[in-house]
Amino acid sequence: MTYTARDEWEQHYGEGKGWRQLGERERQLLAEHAPVPEGGGRALDVGCGTGELAAHLARVGYRVDAVDLTDSAIARAREEYAAVEGVRWLRLDIERDDPAPLHEEGYDLITMRLVYPFLRDRGRTVHGLGERLRDGGALVVITPVVEHTPAERREIALDEDELTLLGAGWKTVERLDADGLAFLVLRGPCHLDTRAVEKRPTTGHALTGALAVVTDAAGRVLLGRSRHGMLELPGGKTTGPEGFAAAAVRELAEETGLVADPADAYVMTMLVDDSHGVPRLTAVVRITAWTGTLANPEPDTFDRWEFFDLHALACVGDVFVPAALAIDAVWPGILRGLPPATSYPVAADQPPVPGEPAEAARLRTAMAQVVIDGGWAPSARVQEALRTVPRHRFAPEVNLAAAYDGGDRAVITRRDEAGTAISSVSAAWLQADMIEHLGLEPGAVVFEAGSGGYNAELIAHVTGPGGRVVTVDIDPWVVRRARRFLTEAGSGRVTAVEADAALGAPAHLVPRGGFDAAMITYNCWDIAPAWREQLAEGGRLVLPLEMGGYTRAVTFERRGEALHARHFTYCGFVRDQGQQARTVPVLSLLDGGLTLRFEHGTAADAAGLEEALRGRRHEVATGVTMGANAYFASLQLYAATTLSGFCRLAAHQEPDEAVTAIVKDHHAPALIGDASLAYLLHVKTKDGDSPQDKEWVWTVHAFGEQGPALAERLAATVRAWDRHVRADDNDEHADPVLTAHPAGTPDDALPAGDVLDKEHCRLVFRWPGHDVPPPRPGEHSGAGTVREGV
């Protein structure tokens, strides 16, 4: 007897039926192998039934969450064990329902007694439970085995192959006997690194076939555990004149029992590789709709079929090479280290494919609320975009909690050979803030530089059905990924283009009169001329602009040939990879203990500087103090844009091992002179148990003959910032008036202010209380002028 539907289980418990009672041997093994941690522990009993095991765990000292998919079982458990304290009885289908009621901090013990054989997606469910275990925790599975189960009841028992699969990927697996039941104790991460593997060599001269990529209502992908000991997609060879789509539909039905209409089967990509030297051509067929009940009509070929979470595919063990390549064709980036293959995308329309778990909708709503409560998304249209666009569909390699983190967390999607992040899905609050400052109206046409898919889709949602987004990226992999995800989960109003974004959009995609708005999603050292030239008059450009090494998302508005800053947001992004990519000149000092970064130009002459650093240190206290959680990023930007000779000093040793007091791997604003250096840091003057009791004073340290003079300049800058820029409210610090002008703009055509010259533009800053006259012709590097890019 096996039940497959919830109503069958409801009837079972509603009629007063139960299961084998908890035995004394099981109690002994639990006490021996899963004792209650010192100070108490938390346990999860999955498929608790009428509650006998959950009540036992509570009595020995665990706080227990007992879950079952039926109301009738939970009702009986609550009634029978009403006197037992420490149990939460929860009606929850562990395979299908949103796990929101479960304890967020995880469990020391998870039990599954007489439950595992009834699971549909066994691998996915066990992997998900394993992720909820605390360090040192255990998953205990108690189950009948075939050798001790009558033939007529063997559907509720596991054979040796299933028991082996159950333990795959766990660090340790202990198998014990509990009066004929298998008592398995699983510990450690439930991960088995994914490998793309081949089968035995073929005897054919060439191979052609089709693989079906099918997802369920929660967006999980269907895979079968084959008798070859690997996961495979439904599919096989074509027959006679049969088309690839028809072959995929046929194989799906023959292998899984699921039925699809050929009209819902789309040949996405043709993959060319080889199997043991034999050429192989595989069609990747995306099936967008199906009916039927998942089964295993070919038990001699497959152990079982189940749906897997996409983020878990990186740790499922062996996957057949064509299946791994096909998964990568649909969801690039999920699987790593794949063998080489040539991919030919097929130009065919494919509708978006729906599907997400209830947990995704809940977490998306929560993420949106965090962003809204933070004040980053005041408009109704941006709020609705955050609540609607499925962020996790654009970051399938991470779990839902990571995808919908409402804080500062970005999802890194690509790294270079050195491990540096080069592509990501940015923090949601920052995306919302930048989109808000675009000032979009319904029907707007927007340019985006730096494709990832999700941000472009947010913009498309804000601009509505009449709007359009052109997103450009230099990395072919990023563009391929964005196109796939936009096809899977997008609105159809985003066009992804492979090109250097610094050159703007291709001419045929630029609307007459220019884009209504433009958004750059990577750190920019310069402002590309195309971004201004392709922007409509009055249109807004939002970009993360580096100024003296400090990045702000600046909102510019085009007025003729000039861009006028309207807003600044503190931020950080991955770096540019295109024509504007720039390496900061650096100078190593004291055998690598210190590094000077010349954000404004070429490295200065370091002659005598190391000798000065080994000499006497001069100190100047500015008298400017700050408390815990004070915002001082405006000070960094103020110093970087008002001081000639500005650079940054980075420390690579602990303060007690070095000549500076700079924290290891941090940097400080600095000024350099002839064999002299001054730098700014904060020194603690008050300490206490609470943050309110602590205080720091800004102090300048200097070395070399010119050190005292450099220190006074830096100290005066801090005091001026304190008087004119700083505010008691961290959100109220004053911003400069900033304009960006084309690089060829004459000095006498610039407004008054500090000038920061870059290759393609001239930035002019005017800070409160810092009066600088307009530059005179021919004096690009005089007092009050800062040069970059020279």
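Read on for an overview of the structure. Note that the structure is predicted; figures quoted are calculated from it, not measured. (Residues numbered from 1 in each chain as written. Predicted model: local features only at pLDDT ≥ 70, side-chain atom pairs only at ≥ 80, totals over all residues. Heavy atoms only, no water.)

### Examining the environment of Pro99
- Here Pro99 is to be found in the loop between strand 3 (87-91) and strand 4 (107-113).
- The spacing of Pro99 and Glu359 is 260 residues in sequence and 6.8 Å in space, taken between C-alpha atoms.
- Other than its neighbours up to four places away in sequence, Pro99 contacts Arg132, Glu359 and Arg362. (Helix = DSSP H or I, 4+ residues; strand = E, 2+ residues; numbered from the N terminus. Contact = heavy atoms within 4.5 Å.)

### A short note on the pairing of strand 27 (residues 586-589)
- Residues Leu587 and Leu589 point to one face of strand 27 and are all buried, whereas Val586 and Ser588, pointing to the other face, are not buried.
- Bridge count between strand 27 and strand 28 (residues 594-597): 4 bridges; the pairing is antiparallel. Bridge pairing links Ser588 to Thr595 in strand 28.
- With antiparallel pairing between neighbouring strands as the criterion, strand 27 and strand 28 make up a hairpin whose turn holds 4 residues, including Leu590 at a positive phi of roughly 50 degrees. (Buried < 20%, exposed > 50% of the residue type's maximum accessible area, 1.4 Å probe, protein only. Pairing = 2+ DSSP bridges.)

### Some details on the nonpolar core
- Ranked by size, the top nonpolar core spans 73 residues in total, and within it Val221, Leu233, Leu313, Trp331, Leu386 and Leu440 carry the most contacts.
- The element that contributes the greatest number of residues to this core is helix 8 (residues 321-330), accounting for 8 residues.
- Other than its neighbours up to four places away in sequence, Leu386 contacts Arg364, Met367, Ala368, Val371, Ala377, Ala432, Tyr454 and Leu458.
- Within the second largest apolar cluster, 61 residues are counted, among which are Phe447, Cys524, Val554 and Ala720. (Core = buried A, V, L, I, M, F, W, Y, C linked by side-chain atoms within 4.5 Å.)

### Structural notes on the sheet that holds strand 17 (residues 342-345)
- Taking strand neighbours across the sheet as the criterion, the 5 strands line up as 12-9-14-13-17 in an open arrangement whose pairing is mixed. Each edge of the open sheet is held by one strand with a lone partner, namely strand 12 (235-237) and strand 17. Averaged over all adjacent pairs, the angle separating strand axes in this sheet is 20 degrees, with direction ignored.
- Relative to strand 12, strand 9 (residues 207-214) is paired through 3 bridges, and the arrangement is antiparallel. Note on strand 12: the bridge partner recorded for Gly209 is Lys237.
- The strands touched by helix 7 (residues 244-256) within the sheet are strand 9, strand 12, strand 13 (265-275) and strand 14 (278-287), with strand 14 carrying the most contacts at an inclination of about 75 degrees. (Axes fitted to C-alpha atoms, helices over the stretch in contact; angles between N-to-C directions.)

### Some words on the packing of helix 17 (residues 633-642) against helix 18 (residues 707-724)
- Axis separation between helix 17 and helix 18 bottoms out at 10 Å; the angle between their running directions is 125 degrees. As judged from the angle between their axes, helix 17 and helix 18 are oblique. Classified by chirality, the crossing of helix 18 by helix 17 is right-handed. Contacts between helix 17 and helix 18 involve Ser634, Leu635, Tyr638, Ala639 and Thr642 from the first element and Thr717, Val718, Ala720 and Trp721 from the second.
- For the contact of helix 17 with helix 18, the residue count by class is 6 nonpolar, 3 polar and no charged. (Parallel < 35°, antiparallel > 145°, perpendicular 65-115°, else oblique. Left-handed = near helix turned anticlockwise from the far one by under 90°. Nonpolar A, V, L, I, M, F, W, Y, C, P; charged D, E, K, R; others polar.)

### What about the environment of Thr685?
- Positionally, Thr685 belongs in strand 32 (residues 676-686).
- For the pair formed by Thr685 and Thr625, sequence separation is 60 residues and the distance between their alpha carbons is 9.0 Å.
- If we ignore the near neighbours within four places in the chain, the residues touching Thr685 are Glu695, Trp696 and Val697.

### Considering a negative patch on the surface
- A contiguous patch of negative charge on the surface is contributed by Asp728, Asp729, Asp731 and Glu732.
- With respect to the element layout, Asp731 can be found in the loop between helix 18 and strand 34 (737-742).
- Taking the relative accessible area as the measure of exposure, Asp731 reaches 68% and is therefore exposed. (Patch = residues over 30% accessible without salt bridge, like charges linked within 9 Å, V, L, I, M, F, W, Y side chains within 5 Å. Areas by Shrake-Rupley, 256 points an atom, 1.4 Å probe, with all protein chains shown as cover. Salt bridge = Lys/Arg side-chain N within 4 Å of Asp/Glu carboxyl O. Lys, Arg positive; Asp, Glu negative; His and termini not counted. Charge placed at Lys NZ, Arg CZ, Asp CG, Glu CD.)

### Re the sheet that holds strand 1 (residues 41-46)
- Judged by pairing direction, the sheet is mixed, and its 7 strands sit side by side in the order 3-2-1-4-5-7-6 without closing on themselves. Every other strand in the sheet has two partners, leaving strand 3 and strand 6 (172-178) as the edge strands with one partner each. Put simply, the sheet's adjacent strands are angled 15 degrees from each other on average, direction ignored.
- Of the strand pairs in this sheet, strand 5 (residues 133-144) and strand 7 (residues 181-187) are connected by 7 bridges, and their pairing is antiparallel. By the bridge assignment for strand 7, Pro144 is matched with Leu181.
- The strands touched by helix 3 (residues 52-59) within the sheet are strand 1, strand 2 (62-68), strand 3 and strand 4, with strand 2 carrying the most contacts at an inclination of about 170 degrees.

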